[in-house]
Amino acid sequence: GVVDSGFGPEPIIDMGAYERQASTPALTYDLTMGVSGNGSSSPAVGPHTYDNGSVVAVSAVADSGWQFTGWTGWVADPASESTTVTMTWDRTVIANFKQVQTLTVDVQGSSSGTVTSAPLGISCPGDCDEVYDYDTAVTLSTTVDSGTVFDGWVGGGCLGTDDCQLAMDEDLIV
């Protein structure tokens, strides 16, 4: 029909059966997981598809002799081994690991004193184990209490009674 608004005839169009609802297709995004160094991730390395807005739990586990150092990419907490990724775009997330070695000081005998390390970490007795980055140079030193004698180093390539110089290219017990 035609309606007169005072400005001339204006057509009124009834869309009725012609109206339709526009539908938006469900959006999905790819989460590509990766690993740098020796360790694993969950989800596993490779691409994974998730719906828009999904919050995906991701986690990292270091292999023996390796340590998790953080995530590269769009994660909620880059320093945490377990965190989340919100899928609002294609994302690439990498779990990063570095090689480490453990130094253990085994104090034997009945004398009293302290073994310390540089860089800091060992203060034995008390703290006798430390994890160092692969190939870190470590110096062990002794301080003996009055009336005691340090008989010398055993193991780890240390000899004599002077400070012990180590290269942490393997796990060591001294």
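Above this text sits the structure in question.
Since the structure is predicted, the reported quantities are computational estimates derived from the model, not experimental observations.

Colleague: I keep staring at the nonpolar core and nothing clicks. Help me out?
Modeller: Generally speaking, soluble globular proteins have nonpolar side chains that are buried together. Judged by nonpolar contacts, the single largest core of 16 residues is most densely connected at L103, L140 and L166. Listed by contribution, the elements that provide at least two residues to this core are β13 (137-144) and β14 (164-167). Sequence-distant contacts of L166, that is, excluding residues within four places in its chain, are made with L103, T136, A137, V138, L140, G156, C158, L172 and V174. In this structure, L31, M87, V93 and F97 belong to the second largest nonpolar core, which totals 14 residues.

Colleague: Please clarify how the layout of surface pockets should be interpreted in this entry.
Modeller: The gaps left among the atoms become clear once a water-sized probe is rolled over them. Volume-wise, the largest pocket comes out at about 490 Å³. In this structure, the largest pocket is lined by 24 residues; those nearest its centre are D106, V107, Q108, F150 and G152. Secondary-structure elements contributing two or more residues to the lining of the largest pocket are β10 (113-118) and β13.

Colleague: Looking at this structure, I do not really get the state of the cysteines. What am I missing?
Modeller: Joining two cysteines, a disulfide is a covalent bond between their sulfur atoms. Counted according to the given criterion, the structure contains 2 disulfides. Residue C124 pairs covalently with C128 via a disulfide, S to S 1.9 Å. Disulfide C124-C128: torsion about the S-S bond near 80 degrees, hence right-handed. One disulfide bridge connects C158 with C164, the sulfur atoms lying 1.5 Å from each other. In this structure the cystine formed by C158 and C164 twists about its S-S bond by roughly -45 degrees; its chirality is therefore left-handed. Ordering the disulfide-forming cysteines of the protein chain by sequence position, one finds them joined as 1-2, 3-4.

About the cut-offs
Residues numbered from 1 in each chain as written. Predicted model: local features only at pLDDT ≥ 70, side-chain atom pairs only at ≥ 80, totals over all residues. Heavy atoms only, no water. Core = buried A, V, L, I, M, F, W, Y, C linked by side-chain atoms within 4.5 Å. Buried < 20%, exposed > 50% of the residue type's maximum accessible area, 1.4 Å probe, protein only. Helix = DSSP H or I, 4+ residues; strand = E, 2+ residues; numbered from the N terminus. Contact = heavy atoms within 4.5 Å. 1 Å grid on protein atoms, 1.4 Å probe; cavity = no way out; pocket = protein on both sides within 12 Å on 5 of 7 lines; lining within 4 Å. Points joined across faces, edges and corners; volume = space filled by probe spheres on them. Disulfide = S-S within 2.5 Å.

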